[in-house]
Amino acid sequence: MIEAKHIIKSFGERTVLNDIDALFEAGKTNLIIGRSGSGKTVLLKNLVGLYRPDSGEILYNGRDITKMRINEVKTLRREVGMLFQGSALFDSMTVFENVFFPLEMFSDLTRKEKIKRTEFCLERVQLKDAGHRYPSEISGGMMKRAAIARAIALNPKYLFCDEPNSGLDPQTSIVIDDLIHDITLEYNMTTVINTHDMNSVMNIGDKIIFISQGKKEWEGIKDDLMQSENQELNDFIFASDLFKKVKRAEALNLLK
Amino acid sequence: MVLANFFEDVGKYVLLMKKVLSFPQKWSTAFRQYINEVQKLGFDSIGIVIIISFFIGAVIVVQIALNMDNGFLPRYTVGFVSREIIVLEFSSSIMSLILAGKVGSNIASEIGTMRVTEQIDALEIMGVNSANYLILPKIVALMTFIPILVVLSMVLGLLGGYFVCHFTHIVPVADFEYGIQSFFKPFYVWYSIIKSICFGAIISSVSAFFGYYVEGGSLEVGKASTNAVVISSVLILISDLVLTNLMMQ
């Protein structure tokens, strides 16, 4: 479980996060949604410790990352996996080496066990045959799956995903969403996903936090999303492609 | 404002070096990185060092021979002066300026691209000291391999001079050979090697600094690469002056 309390983050004069409170539960896919520029990525980077908030607390099962020393943060990060928007696979390494890398750096397993674990992770994301290929030789969807395999190599307790579907076609997006959701349940991880894709929200969102202009506007479960009376959230939801299609389908049915 | 930015950059550089100059988290991985960097920064530069040193060595001999056409000066002076130029300045300072262009831009663009594609963030998230993991092997590799390139450049420069004497007879080969052996001080070779090690540290650390702090996209990576070459070159020239004063007086 991760708890964010009164997070404020500014860049120069501009306040990007304004007193954000949020609770991200274990064993659930927690989604941060909002428009581009609303502060989602900054919030995620604060949660993961890449940015330090100006004030507020970020508690990982009660441990405040904002008050930790660098070495303590590094130790905590071994419990964290992250899927970046552009996958962030290491160009100079093959897919296999990318997944093997965190094991090589931090695992106490024998070399044979590390290889076995790498093969297991690649198999879990259905990439066993692509292990020898370089990131530049595989598709965007495969890169995301390889990044997921790398993120779960050390059995993390926390998984962060920054726009996991960006640049992917709708079918591949569903595959990635399902994979993240299944892995979350399998490892009982606290998963935090940053997205503006309503398909993902409806598909895998257990808990949803909507932020707008650096403020938390709404927090709740997927089933309550449609009953929300928050105007900004409603505007966001009904501006999405998914609901445009639903509206169009409804209109066509009415005409028939 | 400019001065404030300058001091801010100096402070960032010092803090980065503090992160870089620590013990590697895993020695075996660091050693493998070191070998890769020796290959990439050192071995891959041998070609350019050979070509430039050979031809510049030849041109130095031709220019000196043409400009020292004085009956009172012995012909072996051409060999002597050529050797002094090549050993004292060309093979260390000028070759380092050339390497700043090749190696410096390579380091800045590689690390800069890793920054903008979030590969450095990925390392940090894993708990890896990204500065130490990426930059230390480059600094150590260049500092340990640059003396080999400098000595190679000296040999090739003198060989270029020898060939031009042999084929054009601008200076008799025997006079040239006598000249390059006259009044030889082995310390000059060491002086050149020590200078080049300092230049290697400047090229690799300054270029890595510019790459590591890139913000933005490919345009900024290009700018960082250019800045890395320019600033490294200026620092090489300044430190050349300082080291020469310190070591030769």
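Residues numbered from 1 in each chain as written. Chains lettered and ligands numbered in written order. Predicted model: local features only at pLDDT ≥ 70, side-chain atom pairs only at ≥ 80, totals over all residues. Heavy atoms only, no water.

**Quick notes on the sheet that holds strand E1 (residues 2-11) of chain A**
Pairing between sheet strands relies on hydrogen bonds along the backbone, with the strands arranged either parallel or antiparallel.
All names here are of chain A.
Okay, step 1: One open sheet accounts for four strands, arranged E2-E1-E4-E5; its pairing is antiparallel. Each edge of the sheet is formed by a strand with only one pairing partner; in this case those strands are strand E2 (14-24) and strand E5 (63-64).
Okay, step 2: Its contacts with the sheet put helix H1 (residues 40-48) on E1, E2 and strand E4 (55-60), and the angle it makes with E2 is roughly 60 degrees. (Pairing = 2+ DSSP bridges. Helix = DSSP H or I, 4+ residues; strand = E, 2+ residues; numbered from the N terminus. Contact = heavy atoms within 4.5 Å. Axes fitted to C-alpha atoms, helices over the stretch in contact; angles between N-to-C directions.)

**A short note on the side chain of Ser-182 of chain B**
Residue and element names in this part refer to chain B.
Okay, step 1: Relative to the elements of secondary structure, Ser-182 occurs in the loop between helix H7 (173-181) and helix H8 (186-212).
Okay, step 2: The exposure class assigned to Ser-182 is buried, which follows from its relative accessible area of 6%.
Okay, step 3: Leaving out residues up to four positions away in the same chain, Ser-182 has contacts with Tyr-76, Phe-80 and Arg-83. (Buried < 20%, exposed > 50% of the residue type's maximum accessible area, 1.4 Å probe, protein only.)

**As for the nonpolar core**
Nonpolar side chains tend toward joint burial in soluble globular proteins.
Okay, step 1: Counting 94 residues, the largest nonpolar core has Leu-47, Tyr-60, Phe-101 and Phe-160 of chain A together with Ile-135 of chain B as the members making the most contacts within it.
Okay, step 2: With 14 residues, the single largest contributor to this core is helix H6 (residues 130-168) of chain B.
Okay, step 3: There are two domains that each give this core at least three residues, and those are domain 1 (2-79 + 157-255) and domain 2 (90-155) of chain A.
Okay, step 4: Residue contacts for Ile-135 of chain B: discarding those within four places in its chain leaves Leu-16, Val-20, Ile-111, Ser-130, Ala-208 and Tyr-212 of chain B.
Okay, step 5: One finds Ile-33, Ile-138, Ile-148 and Trp-218 of chain A within the second-largest nonpolar core, a separate group that totals 40 residues. (Core = buried A, V, L, I, M, F, W, Y, C linked by side-chain atoms within 4.5 Å. Domains from an automatic or database assignment.)

**As for the pattern of salt bridges**
Residues and elements named next belong to chain A.
Okay, step 1: Evaluated as defined, the whole model comprises 25 salt bridges over all chains.
Okay, step 2: Glu-25 is paired through a salt bridge with Lys-207; the nearest N and O atoms lie 3.7 Å apart. Of this pair, Glu-25 sits in the loop between E2 and strand E3 (29-33) while Lys-207 sits in strand E9 (residues 207-212), and the two are 182 residues apart along the sequence.
Okay, step 3: Residue classification places Lys-207 among the buried residues on the basis of a relative accessible area of 9%.
Okay, step 4: The residue Lys-67 makes a salt bridge to Asp-64 at a minimum N-O spacing of 3.1 Å.
Okay, step 5: For Asp-64, a relative accessible area of 12% corresponds to the buried category. (Salt bridge = Lys/Arg side-chain N within 4 Å of Asp/Glu carboxyl O.)

**What about the domain arrangement of chain A?**
Residues and elements named next belong to chain A.
Okay, step 1: When cut into domains, chain A gives domain 1 (2-79 + 157-255) and domain 2 (90-155).
Okay, step 2: Look at where the C-alpha atoms of domain 1 and domain 2 centre, and you get two points 26 Å apart.
Okay, step 3: On the domain 2 side, the residues contacting the 16 residues of domain 1 number 14 residues.
Okay, step 4: Overall, the association of domain 1 and domain 2 removes approximately 1,200 Å² of surface from exposure, summing both partners, and the carbon and sulfur fraction of that is 68%. (Buried area = accessible area lost by both parts, 1.4 Å probe.)

**Observations regarding unusual backbone geometry**
Okay, step 1: Phi angles above zero are rare outside glycine, and Ser-87 of chain A is one such case at about 75 degrees.
Okay, step 2: Topologically, Ser-87 of chain A is positioned in the loop between strand E6 (80-83) and helix H3 (95-106).
Okay, step 3: Ser-87 of chain A gets classed as buried once you look at its relative accessible area, which sits at 2%.
Okay, step 4: The backbone of His-169 of chain B sits at a positive phi, close to 55 degrees, despite the residue not being glycine.
Okay, step 5: For His-169 of chain B, the position within the fold is in the loop between H6 and H7.
Okay, step 6: Overall, His-169 of chain B belongs to the exposed group, its relative accessible area being 61%.

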